[in-house]
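Okay, here's what each chain looks like letter by letter:
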Amino acid sequence: MARNSRQHLIEFEELDAVTDLTPAEQTTWQAARDATNHSYAPYSGFHVGAALLLADGTVFKGTNQENAAYPSGLCAERTALFGLAVARPDHAPIVGMAVAARPSDGDFGPALPCGACRQVMLEYESRQGQAIPLLLPGRDGNILRFSSLSAIMPFNFSPDDLPTV
């Protein structure tokens, strides 16, 4: 039996400071950080905010929403995307996304989307037919810039994997 060893590389940029972002990225980045003030995280104390920048300049936010009946809560990335789909079904394309997180009693730190959020994020990118750039805070205090959501979910499940009806 033949075995092939393959490697998949994830491309992203590591930026040292907010000043390395474009003005539009700075707006999105700050909106995600501001959104953490409205999260509902009484159980984990981990406040997460997500921001979506639309092509028309609108910024749409989401926050994590916890629930005592775990896992009935929802992550910030999904509340932003689902909320946008409901509030503005004919919205302009999403041209940027940022995520931020902080503990109740501390400073901002890394915020890497969970697998469920990555799958949902990629579905929205697929639906709109164009890449959605993503900004994430890294573990070393840097900013990770991805040119597409597909970079963080290389082996995803997509509509192409479903049988045709």
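Residues numbered from 1 in each chain as written. Predicted model: local features only at pLDDT ≥ 70, side-chain atom pairs only at ≥ 80, totals over all residues. Heavy atoms only, no water.

Looking at an unreviewed UniProt entry, one finds the protein chain named Cytidine deaminase, with Hymenobacter glaciei as its source organism. One UniProt comment on the protein chain, placed under Sequence similarities (unreviewed entry), says "Belongs to the cytidine and deoxycytidylate deaminase family." (UniProt positions renumbered as here; feature names shortened; annotations may be inferred.)

(A) Structural detail: the overall build of the protein chain. What the protein chain contains, in helices and strands, is three helices and six strands. In sequence order, the secondary structure elements of the protein chain are arranged as β-α-β-β-α-β-α-β-β. Expected size for 165 residues packed as a compact globule is a radius of gyration near 15 Å; at 16 Å, the protein chain falls within 12% of this value. Principal axes of the C-alpha set define a box for the protein chain whose edges measure 55 × 40 × 35 Å. Counting only residues that meet the buried cut, the protein chain has 39% of its 165 residues in that class. Considering only contacts within the protein chain whose residues lie at least 6 apart along the sequence, 65% involve residues at least 24 apart. Side chains of the protein chain give 11 positive and 18 negative charges; the mean places of these two sets differ by 5 Å. (Helix = DSSP H or I, 4+ residues; strand = E, 2+ residues; numbered from the N terminus. Rg over C-alpha atoms; globule rule 2.2 N^0.38 Å. Buried < 20%, exposed > 50% of the residue type's maximum accessible area, 1.4 Å probe, protein only. Contact = heavy atoms within 4.5 Å. Lys, Arg positive; Asp, Glu negative; His and termini not counted. Charge placed at Lys NZ, Arg CZ, Asp CG, Glu CD.)

(B) Here's a closer look at a negative patch on the surface. On the surface, a cluster of negative charge is made up of E14, D16, D20 and D140. Structurally, D20 can be placed in the loop between β1 (13-15) and α1 (23-35). (Patch = residues over 30% accessible without salt bridge, like charges linked within 9 Å, V, L, I, M, F, W, Y side chains within 5 Å. Areas by Shrake-Rupley, 256 points an atom, 1.4 Å probe, with all protein chains shown as cover. Salt bridge = Lys/Arg side-chain N within 4 Å of Asp/Glu carboxyl O.)

(C) How the structure looks around the sheet that holds strand β2 (residues 46-54). Here we have six strands laid out as an open sheet, ordered β1-β6-β5-β4-β2-β3, and mixed in their pairing. Unpaired on one side and paired on the other, β1 and β3 (59-63) mark the two borders of the sheet. Between one strand and the next, the sheet's axes are offset by a mean angle of 20°, whatever the strand orientation. Pairing geometry for strand β5 (residues 134-137) and strand β6 (residues 143-146), over four bridges, is antiparallel. For L134, the partnering residue across the bridge sits in β6 and is F146. (Pairing = 2+ DSSP bridges. Axes fitted to C-alpha atoms, helices over the stretch in contact; angles between N-to-C directions.)

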